[in-house]
Amino acid sequence: MDRYAVIGNPVAHSKSPEIHAEFARSTGEDIEYGRLLASLDGFAVAVERFRAGGGKGANVTLPFKEDAFRLATALSNRARGAQAVNTLRFDRDRIFGDNTDGAGLVRDIRHNRGVALAGKRVLLLGAGGAARGVIAPLLAEHPASLVVANRTPGTARALAVLFGRGVEANTYAELAGARFAVVVNATSASLAGNLPPLPECVFAPGALAYEMVYGMGETPVLAFARTQGAGVLADGLGMLIERRRSPFSSGA
Ligand code: NDP
């Protein structure tokens, strides 16, 4: 039986084991897929131990996507561009890293929510591993603008430098007075029941408020969005499921 796991800290919230078990049932595959809690400074050790124990591959969740990028010995183009990895495949002599977050997010927004991104003003909250993975796919949809806001401003600025034209870095305070048709929460604030310090009125009337966290009901961002006139509220379960439709690229 092939062994897989999702590795993170925290990791108890992840629904990846249930979702992969369901996919395996529907395709007749015989797999074991578990949750692996790694210590904050122990990602590489946890991966090596899992691999040595026969693990075939892993999904990577917070806060390890940049560690996974550094650990991989071969990368898909999209993982190389994002400098973040959410999927590891253990081949005999290499660790192949891919990033399927952006494909999953865009597919969920476009196909499941029926919201086009072209020409829209898009706000991305957070500048961690998940934000890195979704920027290029969001830009590929040709939004009117893409603003990244983060609690630690330097991290958002680094992403604006990495992705170049088309990405603007703001502090939360600098968002005052701006309005966005699409707001994606790529922070982990909701896991602790926190609301990023969003000014009022950032949601344009009828806006899409997209929360990457899933399975927690109405998170503080979604509750705030509802009171601010957002028209479509979505959590990240669809993103998680749609990621599965995005096959490993061959490393090209
Ligand atoms: P990281 O740990 O890499 O980054 C966390 C980000 O959240 C940082 O930008 C951090 O800001 C910000 N943050 C944390 N707490 C707060 C707060 N109280 N207020 C404002 N900002 C805050 O995590 P990831 O990027 O890997 O993941 C982010 C979230 O997205 C996770 O909750 C994860 O579960 C979810 N996710 C869901 C997916 C899905 O398929 N649905 C896929 C990928 C991720 P700072 O830089 O200042 O520390």
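Details of the structure are given in the entry above.
What you see is a predicted model, and the numbers here were worked out from it, not measured in a lab. (Residues numbered from 1 in each chain as written. Predicted model: local features only at pLDDT ≥ 70, side-chain atom pairs only at ≥ 80, totals over all residues. Heavy atoms only, no water.)

Caption draft 1: Quick look at the site of the ligand. The environment of the ligand is formed by 27 residues, the closest being Ala 130, Asn 150, Arg 151, Thr 152 and Met 212. Ala 130 is positioned with one of its backbone polar atoms (N or O) 2.8 Å from an oxygen atom of the ligand. A distance of 2.8 Å is found between an oxygen atom of the ligand and a side-chain nitrogen or oxygen belonging to Arg 151. Look at the ligand: alone it shows 940 Å² of surface, and the protein chains cover 88% of it. If you tally residues by element for the shell around the ligand, the top one is helix H9 (residues 237–243), at 3 residues. (Near = heavy atom within 4 Å. Polar contact = N/O pair within 3.5 Å; in protein donor to acceptor, adjacent residues only side chain to side chain. Areas by Shrake-Rupley, 256 points an atom, 1.4 Å probe, with all protein chains shown as cover. Helix = DSSP H or I, 4+ residues; strand = E, 2+ residues; numbered from the N terminus.)

Caption draft 2: Structural detail: the sheet that holds strand S12 (residues 232–235). If you walk across this open sheet you meet the 6 strands as S9-S8-S7-S10-S11-S12, and the pairing is parallel. In this open sheet, the two strands that pair with only one neighbour each are strand S9 (167–170) and S12. Averaged over neighbouring strand pairs, the angle between their axes works out to 20° when direction is ignored. Seen against the sheet, helix H5 (residues 101–112) touches strand S10 (180–185), strand S11 (203–211) and S12 and runs at an angle of roughly 135° to S11. Running at roughly 165° to S11, helix H8 (residues 220–227) makes contact with S10, S11 and S12 of the sheet. (Pairing = 2+ DSSP bridges. Axes fitted to C-alpha atoms, helices over the stretch in contact; angles between N-to-C directions. Contact = heavy atoms within 4.5 Å.)

Caption draft 3: Fine view of the side chain of Glu 242. Here Glu 242 is to be found in helix H9. The contact partners of Glu 242, leaving out residues within four places of it in the chain, are Gly 104, Arg 107, Asp 108 and Asn 112.

Caption draft 4: Highlighting helix H6 (residues 129–139). In terms of residue burial, H6 counts as a mostly covered element, since 8 of its 11 residues are buried. Of the positions making up H6, those classed as buried are Gly 129, Ala 130, Ala 131, Arg 132, Gly 133, Val 134, Ile 135 and Leu 138. (Buried < 20%, exposed > 50% of the residue type's maximum accessible area, 1.4 Å probe, protein only.)

Caption draft 5: The pairing of strand S3 (residues 55–60), seen in detail. Within S3, 5 of the 6 residues are buried, leaving the element largely enclosed by the surrounding structure. Pairing analysis gives 5 bridges linking strand S1 (residues 2–8) to S3, with the strands arranged parallel. The residue of S3 that forms the bridge with Ile 7 is Val 60. Judged from the 3 bridges that link them, S3 and strand S5 (residues 87–90) form a sheet pairing that is antiparallel. Bridge pairing in S5 links Asn 59 to Thr 87.

Caption draft 6: Here's a closer look at H5. Along its 12 residues, H5 runs 16 Å from first to last C-alpha, staying within 8% of the 16 Å computed at 1.5 Å per residue. The complete set of buried residues in H5 reads Asp 101, Gly 102, Gly 104, Leu 105, Val 106, Asp 108 and Ile 109. Considering only its buried residues, H5 is in contact with helix H3 (65–71), H6, S10, S11, S12 and H9. Just past H5, the residue Gly 114 takes up positive phi, approximately 70°. (Expected span 1.5 Å × (residues − 1).)

Caption draft 7: Structural context of unusual backbone geometry. Pro 10 follows Asn 9 through a cis peptide bond whose omega is 5°. The omega torsion across Leu 62 and Pro 63 is -5°, close enough to zero to call that bond cis. Within the secondary structure, Pro 63 is located in the loop between S3 and H3. Its identity is not glycine, yet Gln 83 carries a phi of approximately 55°, on the positive side. Residue placement: Gln 83 occurs in the loop between helix H4 (77–82) and S5. Look at Cys 201: it is not a glycine, yet its phi comes out positive at around 75°. Position of Cys 201 relative to the elements: it lies in the loop between S10 and S11.

Caption draft 8: How the structure looks around the pairing of S11. In terms of burial, S11 is largely enclosed, as 7 of its 9 residues are buried. As paired strands, S10 and S11 are joined by 5 bridges and run parallel to one another. Counterpart to Val 184 in the pairing with S11 is Tyr 210. Two elements, S11 and S12, share 4 bridges in a ladder whose sense is parallel.

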